[in-house]
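The residues making up each chain are set out below.
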Amino acid sequence: MSILNVAIVGVGNISRAHMDAWKNVEDAKVTAVCDIREEMVQRAKDFTGATGYSDFDEMLAKEKIDILDICLPTNLHADFAVKAMNRGIHVITEKPLSLNKADVKRTYAAAQKNNVRFMTAQVLRFWQEYELLREAYRTKKYGALISATMTRVGSTPRRSWDNWMLDEKRSGLTPFDLHIHDLDFLVYAFGKPASMQVNRARGEKRDDIHVVYHYDGFFVSCQATWYNAVFRFRSAYRFQFEKAVMEYEGGALTIYHEDGTNEQPVKATATFDDPSVPTSNAYLNEIRYFVDCVKAGRDCDKVKAHELETVLTLIEGLA
Ligand SMILES: NC(=O)c1ccc[n+]([C@@H]2O[C@H](COP(=O)([O-])OP(=O)(O)OC[C@H]3O[C@@H](n4cnc5c(N)ncnc54)[C@H](O)[C@@H]3O)[C@@H](O)[C@H]2O)c1
């Protein structure tokens, strides 16, 4: 079995879930890690046993890399992805691909020109509890979808590197940090909504967005919020179908049936103790899917360029 060499750039917060996941991919190994903060490089080296770099170009020059995993601040994703793909490296990047729609064409063009695989890791597409929801809609097993709520709320980030999360030009604030997860899922599962209504309470220390997306026959009401308080992150959904309610709350999916019974169809498989990481281990699922595409020379069409463009177009309406 040939082992793919993986490099990770940006080894802050979310990279930990990626490093955990890579440890469970037997045909790939993290051989290089890069971050401009020495202490983060050290932490990642200790965790993976990889060679550490504080300069991305030096890492590219010295290492033989098959896959680059980008966990950098959002504004850097597209440039780093294109640079790596132009060296023949396959790239998986954290969400969102970019704050700008134009970057979608640019990155996919680089992937095509260099005949490498590229994927934005929109993790809900690999999250079993969300996949079951999409399937219930598609198969109509509980009848038609009537209405839904999705929430994704937590504290205003106070300790990100260089405070980049509070800089709209680098993070895009709650639309790109939080809401894009749910919006991307909606576009993936139901397509482009017919219309949307937005309310936003935004200040220096908070950002609270409520959006209702209208589809033919149903609507979805979403909330994405940074509160000015220490407020544990949580994400949830409740979808009302004709014959059942599917609720994801506290990390578990429960399906309430019209006959009075209920079930929890997803069994926990993950070993992480981080409550923001799903029990069904979507980070491993997305990475496994990407590696399979790389090995097969197949496009990663579970995340399509036109869907990412639709999401970025809709998100422009939230500014
Ligand atoms: N899928 C998810 O559930 C999820 C969750 C959190 C964050 N994210 C995404 O992951 C990305 C990173 O978020 P985070 O919370 O881990 O941020 P973070 O600030 O904790 O980590 C980013 C790291 O990049 C490093 N860095 C900055 N510029 C660099 C450069 N030029 N070269 C090398 N390293 C550099 C920083 O030192 C920092 O350690 C964001 O785009 C965010 O949207 C996704």
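The structure contained in this document is the topic of the report that follows. These numbers come from a predicted model, not from an experiment. (Residues numbered from 1 in each chain as written. Predicted model: local features only at pLDDT ≥ 70, side-chain atom pairs only at ≥ 80, totals over all residues. Heavy atoms only, no water.)

1. Topic: the sheet that holds strand 1 (residues 4–9)
Strand order in this open sheet of 6 strands is 3-2-1-4-5-6, and the pairing throughout is parallel. The open sheet is flanked by strand 3 (51–53) and strand 6 (118–121), the only strands paired with a single partner. Taking each pair of neighbouring strands and ignoring which way they run, the sheet shows an average axis angle of 25°. Alignment of strand 1 against strand 4 (residues 67–70), held across 4 bridges, turns out to be parallel. When the sheet's bridge partners are listed, Ala 7 is paired in strand 4 with Leu 68. (Pairing = 2+ DSSP bridges. Helix = DSSP H or I, 4+ residues; strand = E, 2+ residues; numbered from the N terminus. Axes fitted to C-alpha atoms, helices over the stretch in contact; angles between N-to-C directions.)

2. Examining the packing of aromatic side chains
Inspection of every chain in the model, using the stated rule, returns 20 aromatic pairs. Ring geometry for Trp 127 versus Tyr 248: centroids 6.4 Å apart, planes at 85°, classification edge-to-face. Note that Trp 127 is positioned in the loop between strand 6 and helix 6 (128–139) and Tyr 248 in strand 12 (residues 244–249), a separation of 121 residues in sequence. Ring centres 5.5 Å apart and planes at 90° place the aromatic pair Tyr 237 and Phe 239 in the edge-to-face group. (Phe/Tyr/Trp six-rings, centres within 6.5 Å; stacked < 30°, edge-to-face > 60°.)

3. Side note on the sheet that holds strand 7 (residues 145–155)
Strand order in the open sheet formed by 8 strands is 8-9-10-7-11-12-13-14, with mixed pairing between adjacent strands. Two strands bound the open sheet, and with one partner strand each, they are strand 8 (195–203) and strand 14 (262–263). Examined bridge by bridge, strand 9 (residues 206–215) and strand 10 (residues 218–227) share 9 bridges and lie antiparallel to one another. Within strand 10, the position partnered with Tyr 215 by the bridge is Phe 218. Along the sheet, helix 8 (residues 173–190) makes contact with strand 7, strand 8, strand 9, strand 10 and strand 11 (234–241), crossing strand 10 at roughly 160°. (Contact = heavy atoms within 4.5 Å.)

4. Quick word on the packing of helix 1 (residues 15–22) against helix 2 (residues 38–48)
Think of two packed helices as two axes; the pair is described by the angle between the axes and how far apart they sit. Where helix 1 meets helix 2, the closest approach of the two axes is 11 Å, and the angle between their N-to-C directions is 20°. When the interaxial angle is binned, helix 1 and helix 2 end up roughly parallel. By crossing handedness, the relation of helix 1 to helix 2 is classed as right-handed. Taking contact as the criterion, the partners of Ser 15, Arg 16, Met 19 and Asp 20 in helix 1 are, on helix 2, Arg 43, Ala 44, Phe 47 and Thr 48. Split into classes, the residues belonging to the contact of helix 1 with helix 2 amount to 3 nonpolar, 2 polar and 3 charged. (Parallel < 35°, antiparallel > 145°, perpendicular 65-115°, else oblique. Left-handed = near helix turned anticlockwise from the far one by under 90°. Nonpolar A, V, L, I, M, F, W, Y, C, P; charged D, E, K, R; others polar.)

5. Regarding unusual backbone geometry
Cis geometry is found at the peptide bond from Lys 95 to Pro 96, where omega equals -20°. Mapped onto the fold, Pro 96 is located in the loop between strand 5 (90–94) and helix 5 (102–114). Of note, Lys 140 is a non-glycine position whose phi angle comes to about 60°, a positive value. Summarising the element assignment, Lys 140 is placed in the loop between helix 6 and strand 7. Under the relative-accessibility criterion, Lys 140 is labelled exposed at 53%. The backbone phi angle of Asp 162 is positive, close to 55°, even though this residue is not glycine. (Buried < 20%, exposed > 50% of the residue type's maximum accessible area, 1.4 Å probe, protein only.)

6. Quick word on the nonpolar core
Within the largest apolar cluster, 98 residues are counted, with the highest numbers of intra-cluster contacts made by Trp 22, Leu 68 and Phe 239. The residues that make up this core include at least three from each of domain 1 (4–121) and domain 2 (124–275). (Core = buried A, V, L, I, M, F, W, Y, C linked by side-chain atoms within 4.5 Å. Domains from an automatic or database assignment.)

7. Some points on the pairing of strand 4
Both faces of strand 4 are covered, namely the face carrying Ile 67 and Asp 69 and the face carrying Leu 68 and Ile 70. Of the pairings in the sheet, the one linking strand 4 to strand 5 comprises 4 bridges and is parallel in character. Residue pairing for strand 5: Leu 68 is matched across the bridge by Val 91. For the crossover that starts at strand 4, traverses helix 4 (residues 77–85) and ends in the parallel strand 5, the hand is right-handed. (Right-handed = clockwise from strand over helix to strand, strands pointing away.)

The analysis is restricted to geometry; functional conclusions fall outside its scope.
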